[in-house]
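Report on the structure
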Amino acid sequence: MEVYNTLTKKKETFRPREPGKVSMYVCGPTTYNLIHLGNARPLVVFDTIRRYLTYRGYAVTFVQNFTDIDDKIITRAAEEGAEPLALSERYIKEYFQDAAALNVLPADVHPRVTEHMPVIIDLVVRLLERGFAYEVEGNVYFAVTRFPEYGKLSGRSLDEMLAGARVEVDPRKRHPMDFALWKRSRPGEPAWDSPWGPGRPGWHIECSAMSLHYLGPGFDIHGGGADLIFPHHENEIAQSEAATGQPFVRYWLHNGFITVNREKMSKSLGNFFLVREILEKFPPSVVRFFLLNTHYRSPLDFDDTRLAVAGRALDRLRVSARLLEEGLENGRERAAGAEEEALLSELERFKDAFIRAMDDDFNTAQAIGVFFDLAHRVNGYLHRSQPPVRAALAAARELYRDFNRVLGLFPVDEQTGRFVFEEPCFGGKAEQLLELLIAVRQEARQRKDWTTADRIRAGLRELGIVLEDTPEGVRWRVV
RNA sequence: GGCGGCAUAGCCAAGAGGCCAAGGCGGCGGUCUGCAAAACCGCUAUUCGCCGGUUCGAGUCCGGCUGCCGCCUCCA
């Protein structure tokens, strides 16, 4: 397996710290608002990476933090007249709702800053003891000049950073690039006791403290958006390696940005789309497909049209999976013939191709291509062989499930293990009404009353419900 | 100003030296159908931003140019 490591700027063979086990940490959200699509990309990407590593037999320990106290939370809370920690709590709940909708599995641990103060303070103390940090009036700063390798992740030297610096220099800092490990709190702000007085952690120290706490130094994968490379991850390396004297992380993975009109989607530009809003217009599986249909390191331009196109593409896989399930119901328990033998051997080929794609730096775009090849092949078999051989289809369904286990595109019914084809926005009485309309139309068709039949079909199409007349009866689906 | 990335068909997007340049959307023709839809069959880039170079051989490596984007400031 090969992964692109931001630290070395090249693909490397993936060798975990411990054979058979993978430890990974992904920077989670600062909980002061609902997540937008740009925030959702790393969620879906690293969820998929985690799923794939699990699929490949690794015992994965996956940690994703919540930054539940920081300046932005305090500011936002003040605006709303809310308590900062209550605000965080609320948005953590909202986060889990969006993540679940996108079929993102919960991490093994979701540590929060406010619940790890002793661990964070210990790390700051250690940095002070080792001479990598200094205190000024209740604030503690990391001294970048004491860490010669500062800049190794983002690929620039302190001099280069200074040359382009647009930061105003804080007079309390010894070096302009020094950054806060601990910030003294102002009156009325949330505060925790520390050897330097009441305050709260700087942004970067929490991830060092919590990842080291749960995974130990030299853990395997640290992930996040490319905008975290500098300063966040650069600072994490400096803090962690200064404190432990050991390499911090083996592989740094960074996803590319979501753009809108080719410009980065960001809160500061205001060109962002909330996951919540998008899910009002598109099924979550389409959003997930859209995110995975491009390699995770490439930029991905977003607009409604592209999502709609993704939806049509995904429909192809959805329809194929459905034809497969129907084939299994109508199929025969017959011995495999030449046609089935050919299919079975191609299934092996698709599985190999899928693994090859994912082994190459988690190339989900190529892996999805293999999924389409598989669907095409199975559709062809179904088209040619009626009734199909059940054993062959069962093998095909296993492969659909394998691919889906990794990509997480289709919801699966926990009870039956079957794919769930209709999005949960439809059901109950509405579905019964639909069945009634379909029955009426069937009667019209038997009378050869094509006007009535076509009117019902066209009307339903307007509502986004497609009817398909097949020899086995009428099939409907929501588009 | 410093550092970095990307440019592949009408659109989206894989592909990091060598069988015919994946896949999807769209389009065209056909099979099926009452007509459709879906599915199936066939077609849809003599060519990978431009110019040089390395090589028996280059979207794929090197240099230059052009264009777009990002980081250097909170941001996934």
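Residues numbered from 1 in each chain as written. Chains lettered and ligands numbered in written order. Predicted model: local features only at pLDDT ≥ 70, side-chain atom pairs only at ≥ 80, totals over all residues. Heavy atoms only, no water.

Take the overall build of chain A next. Check the secondary structure of chain A and you find 15 helices and 15 strands. Its C-alpha atoms give chain A principal-axis dimensions of about 90 × 50 × 40 Å. Per-residue burial for chain A yields a buried fraction of 52% across its 479 residues. Contacts spanning at least 24 positions in sequence make up 75% of the contacts within chain A whose residues lie at least 6 apart. (Helix = DSSP H or I, 4+ residues; strand = E, 2+ residues; numbered from the N terminus. Buried < 20%, exposed > 50% of the residue type's maximum accessible area, 1.4 Å probe, protein only. Contact = heavy atoms within 4.5 Å.)

Moving on, we get to the environment of Trp-182. Here Trp-182 shows up in strand β7 (residues 179-184). Distance in space between the C-alpha atoms of Trp-182 and Ile-120 is 9.3 Å, their sequence separation being 62 residues. A polar contact is formed between the side chain of Trp-182 and the side chain of Ser-194, at a distance of 3.3 Å. (Polar contact = N/O pair within 3.5 Å; in protein donor to acceptor, adjacent residues only side chain to side chain.)

It is worth spelling out the sheet that holds strand β8 (residues 199-201) at this point. Strand pairing within a sheet occurs via backbone hydrogen bonds; the two strands may be parallel or antiparallel. One open sheet accounts for four strands, arranged β5-β6-β7-β8; its pairing is antiparallel. Edge strands, defined here as strands with exactly one partner in the open sheet, are β5 (133-136) and β8. Across the sheet, the axes of successive neighbouring strands diverge by a mean angle of 20°, strand direction being ignored. (Pairing = 2+ DSSP bridges. Axes fitted to C-alpha atoms, helices over the stretch in contact; angles between N-to-C directions.)

Now for a nonpolar patch on the surface. Nonpolar side chains collect at one region of the surface, where Leu-433, Leu-436 and Val-440 lie side by side and expose about 290 Å² of accessible area between them. Turning to its location among the elements, Leu-433 is positioned in helix α14 (residues 428-446). Among the residues examined, Leu-433 registers a relative accessible area of 56% and is labelled exposed. (Patch = residues over 30% accessible without salt bridge, like charges linked within 9 Å, V, L, I, M, F, W, Y side chains within 5 Å. Areas by Shrake-Rupley, 256 points an atom, 1.4 Å probe, with all protein chains shown as cover. Salt bridge = Lys/Arg side-chain N within 4 Å of Asp/Glu carboxyl O.)

This part is about the confidence of the model for chain A. Chain-level statistics for chain A give a pLDDT mean of 92 and a share of 97% at 70 or above. Looking at the elements of chain A, mean pLDDT is at its lowest for helix α5 (residues 158-164), recorded as 76, and at its highest for strand β4 (residues 59-64), recorded as 98. (pLDDT = per-residue confidence, 0-100.)

The subject of this paragraph is the nonpolar core. As a rule of thumb, soluble globular proteins bury nonpolar side chains together. In terms of nonpolar packing, the biggest core is built from 80 residues, with Leu-37 and Leu-53 touching the most fellow members. Of the residues that make up this core, three or more belong to each of domain 1 (2-255) and domain 2 (324-407). The next biggest cluster of nonpolar side chains, apart from the first, holds 44 residues, and it includes Val-144, Tyr-150, Leu-215 and Trp-252. (Core = buried A, V, L, I, M, F, W, Y, C linked by side-chain atoms within 4.5 Å. Domains from an automatic or database assignment.)

Okay, the domain arrangement of chain A next. In terms of domains, chain A is made up of domain 1 (2-255), domain 2 (324-407) and domain 3 (428-478). Each of domain 1 and domain 3 has a C-alpha centre, and the two are 54 Å apart.

This part covers the pattern of salt bridges. Applying the stated criterion across every chain yields a total of 44 salt bridges. Notably, a salt bridge pairs Arg-405 with Asp-402, separated by 3.0 Å at the nearest N-O pair. Of this pair, Arg-405 and Asp-402 both sit in helix α13 (residues 390-407), three residues apart, which is roughly one turn of the helix. The salt bridge involving Arg-457 is made with Asp-469; its shortest N-O contact spans 3.8 Å.

In this section: the sheet that holds strand β13 (residues 300-301). Strand order in the open sheet made by the three strands is β12-β11-β13, with mixed pairing throughout. Looking at which strands have only one partner, the edges of the open sheet turn out to be β12 (263-264) and β13.

Tallying each qualifying case throughout the model produces 21 aromatic pairs. Between Tyr-52 and Phe-362 the ring centres are 6.3 Å apart and the planes differ by 80°, which places this aromatic pair in the edge-to-face class. Of this pair, Tyr-52 sits in helix α1 (residues 37-55) while Phe-362 sits in the loop between α11 (338-359) and α12 (364-384), and the two are 310 residues apart along the sequence. When its relative accessible area of 0% is taken as the criterion, Tyr-52 is described as buried. By relative accessible area, Phe-362 is classed as buried at 2%. Each ring, one from Phe-410 and one from Phe-419, has its centre 5.7 Å from the other, and the planes form 70°; the classification is edge-to-face. Each member of the pair Phe-410 and Phe-419 is classed as buried. (Phe/Tyr/Trp six-rings, centres within 6.5 Å; stacked < 30°, edge-to-face > 60°.)

With 18 residues, α13 extends 25 Å between its outermost C-alpha atoms, agreeing within 8% with the 26 Å of an ideal straight helix rising 1.5 Å per residue. Within α13, burial applies to Ala-392, Leu-393, Ala-396, Arg-397, Leu-399, Tyr-400, Arg-401, Asp-402, Phe-403, Asn-404, Val-406 and Leu-407. Residues of α13 that are buried in the fold lie against α1, α9 (284-292), α10 (304-330), α11 and α12. (Expected span 1.5 Å × (residues − 1).)

Let us look at the pairing of strand β14 (residues 465-470). Regular strands place side chains that alternate from one sheet face to the opposite one. Pairing geometry for β14 and strand β15 (residues 473-478), over six bridges, is antiparallel. By the bridge assignment for β15, Val-466 is matched with Arg-477. Connecting β14 to the next strand, β15, in antiparallel fashion are two residues.

This next bit is on empty space enclosed by the protein. Where empty space is left becomes clear once a probe the size of a water molecule has been rolled over the atoms. Tallied over the entire structure, the rule returns three cavities of 30 Å³ or more. Empty space within the largest cavity amounts to approximately 70 Å³. Lining of the largest cavity is provided by Pro-29, Thr-30, Thr-31, Asn-33, Leu-34, Ile-35, Asn-39, Tyr-91, Glu-94, Tyr-95, Asp-98 and Lys-267. Among the elements that make up the lining of the largest cavity, the one with the highest residue count is helix α3 (residues 84-101) (four residues). Classifying every residue of the lining of the largest cavity gives five nonpolar, four polar and three charged. The space that makes up the second largest cavity amounts to roughly 50 Å³. In terms of lining residues, the second largest cavity is bounded by Val-45, Thr-48, Ile-49, Leu-291, Leu-292, Thr-294, Tyr-296, Phe-362 and Thr-364. Secondary-structure elements contributing two or more residues to the lining of the second largest cavity are α1 and α9. Broken down by element, the residue count for the lining of the second largest cavity peaks at three residues, all from α1. Partitioned by chemical class, the residues of the lining of the second largest cavity number six nonpolar, three polar and no charged. (1 Å grid on protein atoms, 1.4 Å probe; cavity = no way out; pocket = protein on both sides within 12 Å on 5 of 7 lines; lining within 4 Å. Points joined across faces, edges and corners; volume = space filled by probe spheres on them. Nonpolar A, V, L, I, M, F, W, Y, C, P; charged D, E, K, R; others polar.)

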